[in-house]
Every structure is written in C-alpha cells, then in structure tokens.
Amino acid sequence: MTVVHDNLEKTQAKMSAKSVSVFYGDKKAIDEVSIDIPTEYVTAFIGPSGCGKSTFLRTLNRMNDTIPSARVEGEIDLDGQDIYRSGMDVVQLRARVGMVFQKPNPFPKSIYDNIAYGPKIHGLAEGKDELDAIVEKSLKRAGLWEEVKDRLQDSGTALSGGQQQRLCIARAIAVDPEVILMDEPCSALDPIATAKIEELIAELNGRYAIVIVTHSMQQAARVSQRTAFFHLGKMVEYGRTSDIFTNPHEQRTQDYITGRYG
Amino acid sequence: MSERIAPTRTTAFEARLKKRYAAERRFKALGLTSILFSVAVLVFLLGTMTLNGIGGFQRVELEVPIDFTQAGIAADPSTMQQPGATQALEAQGLRDVVQFFAEEHLGDEAASQFGSQAWRDVADAIAADPSILRGEANFWLPASAGLASGYQGEGSSEMQALAAQLSEKGLIAKNFDPGFLSRSDATDPQQVGIWGALKGSMLTMIVTLLLAFPIGVLAALYLEEYAPKNRWTDLIELSINNLAAVPSIIFGLLGLAVFLTMFPNLRSAPVIGGMTLALMTMPVIVIAGRNAIKAVPPSIRDGALAIGASPVQVVFHHVLPLALPGILTGTIIGMARALGETAPLLMIGMRAFVATPPDGFASPATVLPMQIFLWSDEIDRGFVERTSAAIIVLLLFLLVMNGLAIYLRNKFEKTW
Amino acid sequence: MSPAILLLLALGLGLAGWLAARARAWAFRRASPDGRLPSLPNYHAWYVALWIVLPVLAFVALWSAIAPGLVSQSVLASPAAADLPAFGFQRQTMLNEARAVATGAAPAVFNPEAAGLVEPYREALSHYNLIGIVVTLLIAFLGGVWAFLRLRPDFAARTKVERIVMAILLGASLVAILTTIGILASLVFETIRFFGMVSPVDFLFGTHWGPDPMASPENPDSSRYGAVPLFWGTLFIGAIIAMIVAIPLGLMSAIYLTQYANPALRRWIKPALEILAGVPTVVYGYFAALTIAPAIRDVALSLGATNPSSESALAAGLVMGVMIIPFVSSMADDSIAAVPQAMRDGSLAMGATTSETIRRVLVPAALPGIVAGIMLAVSRAIGETMIVVMAASTAANLSGNPLEAMTTVTVQIVAMLTGEGSFDHPATLSAFALGFVLFMVTLGLNFIALSVVKRYREAYE
Ligand SMILES: Nc1ncnc2c1ncn2[C@@H]1O[C@H](COP(=O)(O)OP(=O)(O)OP(=O)(O)O)[C@@H](O)[C@H]1O
Ligand SMILES: [Mg+2]
C-alpha cells in the first residue's frame, strides 16, 4: 500500500522507521510501517483503538523489549543509526528517547527524588548543587516549579493527576533527551490539566522531537504539525496535520476523522 | 539546536555505562547465587539423608543354618495362626535351639553377639510356614548393636576384629531389612522399626482431619458468604490470621493446659495430639478455604439466587463444589504441615517410648517426626542411619502430599 | 470406646428420625390439594435429624469429658481403694493398670495391688456406660419427638433448617476465637501462678537462668529465674543470625525469580523452594545437630577459636536461616509482584538498567510488604522449636559470641515441661510464663505485619 508523504519540505529526520513490523507471538500488531520523525515538529499518531499506536511508539525506545512475546522487524534509525543493531545500547537509547505514559506513574518517592532519579542513575550531576539546578530547571520547563517549589520533599504520588503527569514529563526531560514519546498523556486528566500539558508540549516543541499518541482529533490538531493515521497495524496516511484534517487523501482517514468509526 | 551535544552522548556517559553494566551483571549473579545456594542446600540435605538413610533400611545379620529335624520342635499349623504362637515356640526351647546352631556355625564368640530378639525372627518364620520344621533352613538373624557397629568399622576393636573374621567367611552381611517398616521402637538399633510411629501419625492425622476440615470449611463459608461486617467478624478474622502465625509450641502449651487437664488419662494419645494439631491446622484451612471461595465468580451466585435458591442452597449446591479443589489443596498443605510437626506434641507427652503400635485413638503413641527426634538423641551410632531412614519415609509422605496439592492446584486452577 | 458407641448411636437415631420425618412429609404432600409443600420433604427430614443429632453430640462431648472423672471417683470410693498409696506416681500407675484390664486393653495386671481395683473399675465403667447410653437415648427421643410433633404441612422446615445451619457455621468460626481465648487463658492463668512465686521483675530483668526442678517449690530462689539470657539467645539465634542468612538470600532469590529468571527456570525453582519450606523442622534440627554443628566447630577450631561449642548459636541460627529463606522469598515475591508494572516501565523508560530499577524503584516501593514479611519471618524464627531443641544448648549464656552455646525461650519451655517436674513447681510454671512472653511478642509482630500488609495491598489496588 502507498503511504502518502505529501510534498513535505525536506527536513532532517531525527528518527526514521523503515518497514517496521511488530509481532506479539504470531500476531502481527504493526505491519511494514515507514515514517520519518523530525525534530522541528510535534508528530501525532492517531487511529482507532487497538490499531497499534502504542505498540509502534514503544518500538521507538525499545520498551517492547520488556514484553517477552514482542518481536520487531525492520529498521529504526536514530540520527541515522539503527537502534535495533546489535551494538546499540538500550540504556543510552532510552536516555536519549524518553517516554511519558498514559497513566501518570510517579515513583513512590519525593518530588525531588522523582526528578533526580534519571540524572542520578546516569551520573549527569556532579554534586548536590548541580542536581538541585537540574531539578529546578526541569520542573520549570515542565511548568510545575511554582506549584511545588515549597514541597519538593513531599511524595510525588500526593500530587493531583495533572501535576503527576507534568512531574513525569519533568522527570523525562531531566536527563535532557532528544526525543520524547508521549502515549495519550492526557487521557487520564481533566480539561484544565489537559490544557496545561498541551501548553507544555508547545513550549517543548523545537527543543525535543516530540511524538504524541492521542485519541482526541482536536488535541492532535492543536498540538501537532505532523499527523500519522494508523489503522489495523498499518500506517495509512502521514502528512501535515492541517492537510490530514482538512484534506485527507485516503477514504479511511476521512472516515475516521469524520467519526465514521473508531 | 541539533549541534547541542546531549549529556547522554558524552564519552563520560559511556564510561559510566560500562560500570553500570558491570554492576548489573554482579547484581544478577548475586541473585542467581542466592537461588543456587537454596537449591544446593536442598540437594545437600536430601543427599546426606539419602546416603545415610539407605543404610537405615538395612541391618547387619549373621547367617545361621538350623536343622529342625534335630531340634525336636513341634508346631501344630492351626495354633501357629494364633497370637500365642511365639510363646508356644519359646516354651519348647526354640531360643536354645537357635543358640545351639549359632554356636555350631559361628563359634561361641560370635554366637553371643546376637540381638536379644533374634530368635523371634525364627519363630515368625515358623509361624508363617510350619513346614520348614521338617527340614533344614537357613536364617539371617540380626547381630547385636555392638557387632553391627564393628562391622561398619566403628565401635570397639574386639568387635571390629570379630566382624572382620566373620565377614571373611561370609557369615556376616548387611542385608535389606523389610522389618524396619513393620516393627516399632526398641532400644537396640538393629531391632527398631517405624511402623508404630507411622501408625501413631496416621491415627493422629485422622483425628486432625476429622476436626479441622469440617470446622475450617464451615468457618470459611461463614466468614466469606454470610458474616456481617461488624466488630465480631473482625475479631474472628484477626484470631484466625494470628492463629495461623502463632508458634506451634504455643498450641502444645494449650493442649497441655486444657486438653490434658480435661482428659488426664489420655496423655500421649493420638486423640489429644490430633486435637492439638487440629487447632493449629484449622486456621490454615480457613484461610485457604476463604481464598478458594472468593475465587468463585459472583455471577454463579447471582445466577442461582435469580432462580429462587436460598442463600444456604446457593452456597452448598453451587459455591462449595466449585471451591472444593482449592479447599482441598489448602487442607492437604495444612495436613502436611501437621504431619511434620513435633514441638506441640512434645508438650502433650507424645515422646513416650512406645514399643508396640498403638491399638486405638486412646492408647499411648508416638508419631513419625517424634520418633526421628527420639532416635536423634540416642548415643548408639546405629541410630544415625535409622534416623535418616525414618526421615526419608517422612519426606516421602510429605512429598506425596505436597505433590498432590500442587497437582490439584494446577488441574483446577481457574477453570471458569 | 464408649464415646464412639454413643456417636454411632446418635447417628443411627438421627437416620431413623430422618426417615420417619421424610415419610411423614411425603404423607402431607400426598394429602395436600396441589401436591406441594412450602418446604421439600427432605427439609422436614433434616429438621428432625438435626434435632436428634445435635443435642446428642453436645451431650457426648460433655459426657466424655466428665465420665472418666466420675468413674475414677467411684472406684476410689470403693473399699478396695483404701489400701492404695496415698498419692503420686505409683497410685496413678495402679489406677491406669486396673483400668486397662477392666476395659480389656491389657490381659492381666502386673501389680498385684491393682488386682483388687479391677472389679470396682469394671463395675463403675459398666454403670456409667449404661447411664451414658440411657441419657443418650432419652435426649435423642425427646429431641426427635419434639421436632416430629412440630411437623405440619405448612411447616417452614427449610427456614428452620437453614437457621440451624447458620448457627453451626457461626459456631465453627467461633472456634478460632475460643482457641485464642483458650491460649490466652491457660497462659495467663499459669503465668499468674508463676508470678505468685517469682517476682515478674526478677523474671523479666534477671540475668541468671538456672531453675532447679528438684528444689522445694516453697520459697523458690527468685534469682535463678532471670530470663534475660533466654530472650537474648532467642533474639541472637532467631532475629540476628537467622535473619542475616535469610533476608539477603530470600530477597535476592525473590528478585531473581520475579525479575530475571525465565519461565522455565521459575517452573523448577519455585517447587524446589516449596520443598525446602515443607521440610519438617525436626529434619532441619537433625541436619543442624548432625552435620552443621560439628562442621562449624571444626572450622572454628582450625581457625584458632578457643573452645567453640558443639551446640553453638551459629549452627542453630544458620540452619534456621535456611529454613526461613523460602518464607522470606515468597513474601518478598508477593510484595514485589504487587508493585504496579507502570513503576517498572517508568524507570526502564528513563534508561535505568534492570538492577537500578529493582534497587531504586521496585524494592523501595515494595518495602512495606517486605518489612512486614521480615517481621513475620522473625516471629517464626523466634517461635521455632525443634531446630534449637536439637542444635542449641540448654545452658543459658549471655554472650555475643556466636560460637558459644546459647539457649532460647522455646528450648527452655521444652526442657521445663518434659522433665518429671510437678505442675505446682515454679520451674514447670516458668515454661508458661515464657510461653506467654513468646505469645505476646509473636502476636505483636504478626499483628503489625498483617496490618501493614493489608494497608499496603490497599494502596496499590
Ligand atoms: N503485550 C501484548 N501482548 C500481545 N498482544 C498485545 C500486547 N500489547 C498489545 N497487543 C495487541 O496489539 C494490538 C495493538 O495494541 P496497541 O496497544 O498498540 O493499540 P493502541 O493503538 O495503542 O490502542 P489504544 O488506542 O486502545 O491504546 C492490539 O490488538 C493488542 O491487542
Ligand atoms: Mg495505546
């Protein structure tokens, strides 16, 4: 099948997938997907439930390795190097490609320790001062600093859902990744918290390559510049968000965004 | 922006990464070592028990051919079936006959080294088949404890010498001793057996099962299906959870202070042991039973209630049968624990020396683990092997019970 | 044997009642205009049967508790008992012998003095057996008739039967409370008696333990009842040495099994650990005494230790630790498995290695459960009896040297209660005081641990 890469201007792809297929045991969950992910834009993955968005997202930082039955075929490059090659180091890969999950999952530690976790394990801070600086910077970038600066020692799980999710984003950016993957980061949040996260994504755009999976077409339209539409494990269409939503090439995309199914 | 070098791509990071992977490997190796340690201990434990225990199923015996035509012993086949047969043969001087032929065949010194009960084996053989009195028969009879350890290269030097002498002539040997499974306790390691203890264990377990199973299941049903949520129910739950974790010796103290005060005549009896162990096993069955009952999907209850069954009918016709495999699994595990239990029984006097198998729930008895404990205290080296052999028998029983429990668990695990 | 006969009798009568009531209910049913009853005939049958069997069971339980006392009372009242020795062991032996002969358990008496008692015994036995049977029949008859007369075509037998069933269920669950009360009552009662002879302060804080069961029970020497060395030995062996072995090994086993091992290995290792957990403590004790203790002594000697004990605290503690490993491992396994997968994913997605994730996220998150498991393990270790009885010493010793002999609370309980001491002697009673302390400590540990586990489960639900 043809994937329409609709006359996009040439950009340097941060990550690019080439004919990627993913299997769970014998079941094919992703079928020959190829896509370039640029640094300059936010890329949104949309599609009906079960079409494989999360699966594909997880292949981008090899989180599928933690599922024993999962198997990946094809090639995914990060800065031109295949992340599935044998010499590739998953730890370094995941430090470079961070991830935020659907349900906020702060560790049962203090807010400070949640943020400091990544820098500590990766040895990115020389001393306490540097660590403090990283924590502050990350919380500021995540727009959480003002709300928590007086209670950094409180447990991260004591925050509200929206704050927890921003904490998780802050935690991800504390190690200064190059790509941030977000799997439906707002689906467990109320509209106000959602708006804050969307604002945050707009802030972060450009500094990191961002991929966001979302079920909300409005959200995709608001936050992303590129959109990929997935259906039954295949990527049906990929292009400028504005094009996908106003002028899709494929009938299935049209049907989905007009609410015919999904 | 893209010229920015992320801190995760520096060479320093990669150097740290090497160390982190080394730590990872060390940690994993530590985990594997821990597991291997446990497995090694298990293998070592079972290995030593088996190695020692094999000898425990054997005993050192001396060869004695007896020519009954010269002995002048008569036996009426019909009386030989009756309990007094051994006494009748003794009255006819069978003891001396055996002694005579032993001296003839082995020499005086060796003939004095028979176990005191050796002639009984001959008597048993005659009782089983009186026709041997018409000819010659060859017997292997148990040696004394001293000679037996001499044969194993232990004990006094005279005995070692004598054993070496005899063994050169092929008159002494260590033979498989089936009687170990059918005799009872004795002071001579050559004469001991575990049947008495085994029977005591069985009687005790029957009492335990008869008490703990119904009470445990009924209590589990009540707590899971009917109990109102109130302070009494909480208290019951608390008691059960705590009883399941109370040291077993405390149950022994209870048995001593309550049961033995109520029934002072039943000291050492399986019925008291069984009652004590039942109190210990009951909480295990309740907890397992509640989990099994909880696992029965509510839809089954709703379905039965919807066709007009009463709550009691729902439970006894629908819930209980479905929960039964789980309850049985828990029961078997609890019973296996009770079977291996020693401490509480020490408290209620089941450590008596019991040379005859108990003939009922009220007669003095000992149990298999207690027999192991008692033998382990014996000084005579011959008891070491016997103890290990008894341990093997006990472990086999436990293995079968636990195997059954695992089988049941796997077979009936969530079939709906 | 007489309780068994009474029980059979009860069941037989119950069956008769069952059949009669069922027949009557069927008669009602045939007579009723629509051929239906509010309750099935079987419920009528059960109603009557339960009314027969339950009262009889209650009577049999009561009777078997008091009948032996009544029998021996009447034997003692007989003239033949006048020449019995006044008290003590001999007197009891003779009574037992006479009873054995009278019940047919033994062919003849060994003591000639006991011979005279056989006849009175036999008489008393048959007398009370008769009473037992008559009362059983009477109760069964009354219960049966009363229930039978209440049967009517419109009788709500099912509701009644179900109410009885509920009462039985409730009764069964009350056994647990009764057991707890029984334990507390018997321990407290004997402990109070003990504290009447030895002051609690001397007992709880004294540092010398050496009760003399042969000394006169009057005015016992309080200074010989200082239990501190026992408490120390118990803690040293069960809570320190055993835990030094069991905590790291159990925890690491659980971590390896849940986080690293492939399913095939898990399938083999789990049952192996279960076997290790299922080995009876008497076997561990034998293993400790026969293999480990001498080995430790030899190693200590070769390392130049002076005079290491062959009943060292170390041997008992090590083997106890091994015994506890599977327990710690399975508790830790449960707690780690209860940590949500999202925590693990979150950490791995940051680029943490598996071991970093385990050490910095999973274990801290599972810590309440793990600590509770360790508390339960300690409670088990300090209450463990056979290993220490067989491998530790009976000599009290307040020392920090693991190669020295030490004794524990449980060892002393066994030592005090398996001797020939009488029930009125402070040495014997001290076992109950020790048992009481042990019970309260384990109760406290269990209580805290169980509530921690419960709260922890709820937190991740
Ligand atoms: N661990 C797994 N094992 C087996 N199959 C899986 C696993 N995870 C996902 N799948 C299957 O792979 C397919 C894609 O799942 P995926 O979670 O990627 O969908 P999704 O597009 O993210 O859906 P949603 O919008 O509901 O999150 C589904 O059919 C799902 O059942
Ligand atoms: Mg998804």
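None of these values were measured; they are calculated from a predicted model.

Enquirer: Can you help me understand the domain arrangement of chain C in this one?
Expert: Where interface size is given, it is often the accessible area lost as the parts come together that is meant. When the domains of chain C are assigned, the result is domain 1 (2–155) and domain 2 (222–459). With centres defined by C-alpha atoms, the gap from domain 1 of chain C to domain 2 of chain C works out at 48 Å.

Enquirer: Would you explain the interface of chain A and chain C in this entry?
Expert: Every contact between the two is made by 24 residues of chain A and, on the other side, 17 residues of chain C. Together, the buried faces of chain A and chain C total about 1600 Å²; carbon and sulfur atoms form 65% of this surface. The interface formed by chain A and chain C includes 4 residue pairs in polar contact (both at pLDDT 80 or more). Where the side of chain A that touches chain C is concerned, the elements lending two or more residues are α2 (90–96), β7 (97–100), α3 (111–122) and α6 (161–173) of chain A. Among the elements that make up the side of chain A that touches chain C, the one with the highest residue count is α3 of chain A (5 residues). For the side of chain A that touches chain C, the residue count by class is 13 nonpolar, 6 polar and 5 charged.

Enquirer: Please clarify how the packing of aromatic side chains should be interpreted in this entry.
Expert: How two aromatic rings sit relative to each other is given by the distance of their centres and the angle of their planes. As enumerated under the stated definition, the model contains 23 aromatic pairs over all chains in all. Seen from their ring centres, F100 of chain B and F101 of chain B are 5.3 Å apart, and the 80° between their planes marks the pair as edge-to-face. Residue classification places F100 of chain B among the partly exposed residues on the basis of a relative accessible area of 43%. F101 of chain B gets classed as buried once you look at its relative accessible area, which sits at 7%. Chaining the aromatic ring pairs together yields one cluster made of F194, F195, F203, W209, Y225 and F231 of chain C. When the ring centre of Y41 of chain A is taken as origin, the NZ or CZ atom of R226 of chain A, which lies over that ring, is 4.3 Å away. Its end group placed over the ring of F27 of chain B, R359 of chain C keeps NZ or CZ at 5.4 Å from the ring centre.

Enquirer: Looking at this model, I keep getting lost on the packing of helix α1 (residues 11–56) of chain B against helix α8 (residues 263–278) of chain C. Mind explaining?
Expert: When two helices pack together, you describe them by how their axes are tilted relative to each other and by the distance separating the axes. Contact pair α1 of chain B / α8 of chain C: the axes reach a minimum separation of 10 Å and the direction vectors enclose 55°. One way to sum up the angle between α1 of chain B and α8 of chain C is to call them oblique. Along this stretch, α1 of chain B crosses α8 of chain C, giving a crossing that reads as left-handed. The residues of α8 of chain C that touch α1 of chain B, namely those facing I35, S38, V39 and L42 of chain B, are I269, A272, L273, I275 and L276 of chain C.

Enquirer: How should I be thinking about the UniProt feature "transmembrane region" (unreviewed entry) in chain C in this particular structure?
Expert: All names here are of chain C. Within this structure's numbering, the places UniProt gives as "transmembrane region" (unreviewed entry) are residues 43–66, 130–149, 164–185, 230–251, 272–293, 313–340, 361–382 and 431–453. In residues 130–149, the share of helix is 100% and the share of strand is 0%. The end C-alpha atoms are 28 Å apart. Secondary structure over residues 164–185 splits into 100% helix and 0% strand, and the C-alpha atoms at its two ends are 30 Å apart.

Enquirer: Just to check I follow, could you spell out a positive patch on the surface for this structure?
Expert: On the surface, a cluster of positive charge is made up of R25 and R26 of chain B together with R359 and R360 of chain C. Contributions of two or more residues to the positive patch are made by α1 of chain B together with α12 (354–383) of chain C. By the secondary structure assignment, R360 of chain C is in helix α12. Of the residues examined, R360 of chain C reaches a relative accessible area of 33% and is grouped as partly exposed.

Enquirer: Looking at this structure, I do not really get the interface of chain B and chain C. What am I missing?
Expert: Facing 76 residues of chain B, the contacting portion of chain C comprises 82 residues. Of the roughly 6800 Å² buried between chain B and chain C, counting both surfaces, carbon and sulfur atoms make up 78%. On inspection of chain B and its partner chain C, the count reaches 2 salt bridges. Between R409 of chain B and E274 of chain C there is a salt bridge, with the nearest N and O atoms lying 3.7 Å from each other.

Enquirer: Would you mind going over a nonpolar patch on the surface with me for this structure?
Expert: Together, W232, L235 and L238 of chain B together with F447 and I448 of chain C make up an exposed nonpolar region whose accessible area comes to about 500 Å². Elements supplying a minimum of two residues to the nonpolar patch: α10 (231–243) of chain B together with α15 (426–459) of chain C. Ranked by the residues each element gives to the nonpolar patch, the list is headed by α10 of chain B, at 3 residues. Mapped onto the fold, F447 of chain C is located in helix α15.

Enquirer: Would you take a moment to explain the state of the cysteines for this structure?
Expert: Cysteine pairs can be covalently joined through their sulfur atoms, and such a bond is termed a disulfide. Residues and elements named next belong to chain A. Within the structure shown, the criterion is met by 0 disulfides over all chains. The cysteine C51 is free of any disulfide, with C186 supplying the nearest cysteine sulfur at 18 Å. According to the relative accessible area criterion, C51 is buried, its value standing at 2%. This cysteine, C168, is not joined by any disulfide, and C186 carries the nearest cysteine sulfur, 12 Å off.

Enquirer: What am I meant to see in the sheet that holds strand β1 (residues 58–67) of chain B here?
Expert: All names here are of chain B. The sheet built from 3 strands is open, its strands ordered β2-β1-β3 with antiparallel pairing. Only two strands of the sheet have a single neighbouring strand rather than two, namely β2 (136–142) and β3 (172–176). Put simply, the sheet's adjacent strands are angled 45° from each other on average, direction ignored. Taken together, the 7 bridges between β1 and β2 define a ladder with antiparallel strand orientation. Along β2, the bridge assignment pairs V64 with F139.

Thresholds, definitions, all that
- Residues numbered from 1 in each chain as written.
- Chains lettered and ligands numbered in written order.
- Predicted model: local features only at pLDDT ≥ 70, side-chain atom pairs only at ≥ 80, totals over all residues.
- Heavy atoms only, no water.
- Domains from an automatic or database assignment.
- Contact = heavy atoms within 4.5 Å.
- Buried area = accessible area lost by both parts, 1.4 Å probe.
- Polar contact = N/O pair within 3.5 Å; in protein donor to acceptor, adjacent residues only side chain to side chain.
- Helix = DSSP H or I, 4+ residues; strand = E, 2+ residues; numbered from the N terminus.
- Nonpolar A, V, L, I, M, F, W, Y, C, P; charged D, E, K, R; others polar.
- Phe/Tyr/Trp six-rings, centres within 6.5 Å; stacked < 30°, edge-to-face > 60°.
- Buried < 20%, exposed > 50% of the residue type's maximum accessible area, 1.4 Å probe, protein only.
- Lys NZ or Arg CZ within 6 Å of the ring centre and 35° of its normal.
- Axes fitted to C-alpha atoms, helices over the stretch in contact; angles between N-to-C directions.
- Parallel < 35°, antiparallel > 145°, perpendicular 65-115°, else oblique.
- Left-handed = near helix turned anticlockwise from the far one by under 90°.
- UniProt positions renumbered as here; feature names shortened; annotations may be inferred.
- Patch = residues over 30% accessible without salt bridge, like charges linked within 9 Å, V, L, I, M, F, W, Y side chains within 5 Å.
- Areas by Shrake-Rupley, 256 points an atom, 1.4 Å probe, with all protein chains shown as cover.
- Salt bridge = Lys/Arg side-chain N within 4 Å of Asp/Glu carboxyl O.
- Lys, Arg positive; Asp, Glu negative; His and termini not counted.
- Charge placed at Lys NZ, Arg CZ, Asp CG, Glu CD.
- Disulfide = S-S within 2.5 Å.
- Pairing = 2+ DSSP bridges.

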